[in-house]
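Observations on the model geometry
These are the residues of each chain, in order.
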Amino acid sequence: MLIIPAVELKDGRCARPAPARAGGAKAYDGDPVEVAKRFEGAGARMLHVVDLDDEAAGPNSKSRKAARRVIRAVEIPVQFAGGVRGVADVQQLIEYGAAQVVIGALAAESPETLEKFVQLFGFRVCVGIAARRGSVVFADGRERGAAKLSAVELARRAADAGVDRVVYAEVSRERASARRFDLGQTCAIARESGLRVTASGAVTSLADIKRLRTIRRCGVDSVIVCDALYNGRLTLREALRAA
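Report follows, based on the coordinates. (Residues numbered from 1 in each chain as written. Predicted model: local features only at pLDDT ≥ 70, side-chain atom pairs only at ≥ 80, totals over all residues. Heavy atoms only, no water.)

**Section: the packing of helix α1 (residues 32-41) against helix α2 (residues 62-73)**
Filter applied, for reference: Convention adopted: a line fitted to C-alpha atoms gives each axis, helices being fitted over their contacting stretch, and angles between N-to-C directions are expressed from 0 to 180 degrees. Numbering goes from the N terminus for both helices and strands, where a helix is a DSSP run of H or I of at least four residues and a strand is a run of E of at least two. We call two directions roughly parallel when the angle between them is under 35 degrees, roughly antiparallel when it is over 145, roughly perpendicular when it lies between 65 and 115, and oblique otherwise. Two helices that cross are described as forming a left-handed crossing if the nearer one is turned anticlockwise from the farther one by less than a right angle, and a right-handed crossing if clockwise. Here, residues are in contact when the closest pair of their heavy atoms is within 4.5 Å.
Taken N-terminus to C-terminus, the directions of α1 and α2 make an angle of 30°; their axes are 9 Å apart at the nearest point. The angle between α1 and α2 falls in the class roughly parallel. In this structure, α1 crosses over α2, and the sense of that crossing is right-handed. Within the contact between the two elements, α1 uses Pro32, Val33, Ala36, Lys37 and Glu40 and α2 uses Ala66, Arg69, Val70 and Ala73.

Put into structure tokens, the structure is as follows:
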């Protein structure tokens, strides 16, 4: 099981643990390059960099520029997610040196565009799927359309388009940003599509990582870990040992 630390970017800065008085809310004032190099030094074999800036900021956002600095500062592969809306975005990130670019809502909204991405960039693109009770949800937390698109169906579409990996997260009823693990659904995504799956959820302890190891045979071979590494619930070295 590959442990992939996440580096979340907002306004060009990286998330860090917030003071207790902040009620657990994240603060963004860390140096993303420093954080990325610390993860690399602790043994990470890959990073997941997320741009949380408003999509309207586009390719010249502060976080997109910070992502470039991170990609060029480390020697391990970097997977990038957030705000990818077209071929130009993917091309820019690959030119920066991103090993893989995650395509989110666009994969569900336009299968033809996803196929074009794969034709142009091959396995450098993968598909991010967020779902609630098995149905795909978007950044606004809503399930669009009268006929809901199932996560399994979207994974199959991704496979048909030539994608070889999906990043899958089960989200809470309250908000799309609150992620949890559904081992059965995560396993089903891999089994039904034949794709390799990276789980993305709220890892809060080493027990969560050990639970994920039980579904490796389904094709779930990696997990993105974020908050627990920042709030001190576990260290990357501990996570790597558990995996």
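Back to the text.
**Focus on the state of the cysteines**
Our working definition: The disulfide definition used here is simple: a pair of cysteine sulfur atoms within 2.5 Å.
Considering all chains together, one arrives at one disulfide under this definition. The side chain of Cys187 participates in a disulfide bridge whose partner is Cys218; the two sulfur atoms lie 1.8 Å from each other. Here Cys187 and Cys218 share a disulfide; its torsion about the S-S bond, -65°, makes the bridge left-handed. Taken as a pair, Cys187 in helix α7 (residues 183-193) and Cys218 in the loop between α8 (206-213) and β12 (220-225) lie far apart in primary sequence, 31 residues in all.

**Some remarks on the nonpolar core**
Put simply, the rule is: The nonpolar core is taken to be a set of buried Ala, Val, Leu, Ile, Met, Phe, Trp, Tyr and Cys residues, with the residues joined through side-chain atoms within 4.5 Å. The buried label applies to any residue whose accessible area, calculated with a 1.4 Å probe on protein chains only, is under 20% of its type's maximum; exposed applies above 50%, and partly exposed to all values in between.
In terms of nonpolar packing, the biggest core is built from 83 residues, with Phe39, Leu47, Val90, Ile103, Ile129 and Val223 touching the most fellow members. Not counting residues up to four positions away in its chain, the partners in contact with Phe39 are Pro5, Ala6, Val7, Ala44, Leu47, Leu229, Tyr230 and Leu236.

**A look at the pairing of β12**
Here is the rule we go by: Whether two strands pair comes down to DSSP finding at least two bridges between them. Handedness rule for crossovers: strands pointing away from the viewer, path from the first strand over the helix to the second running clockwise, crossover right-handed.
Burial within β12 is extensive, with five of its six residues counted as buried. Two strands pair when backbone bridges link them, and strand β1 (residues 2-10) and β12 are joined in this way by four bridges, in the parallel orientation. Along β12, the bridge assignment pairs Leu2 with Ser222. Judged from the four bridges that link them, strand β11 (residues 196-200) and β12 form a sheet pairing that is parallel. Across the sheet, residue Thr198 finds its bridge partner in β12, namely Ser222. Tracing the backbone out of β11, into α8 and back to the parallel element β12 gives a crossover that is right-handed.

Honestly, that's just the spatial picture; any functional story needs more than this.
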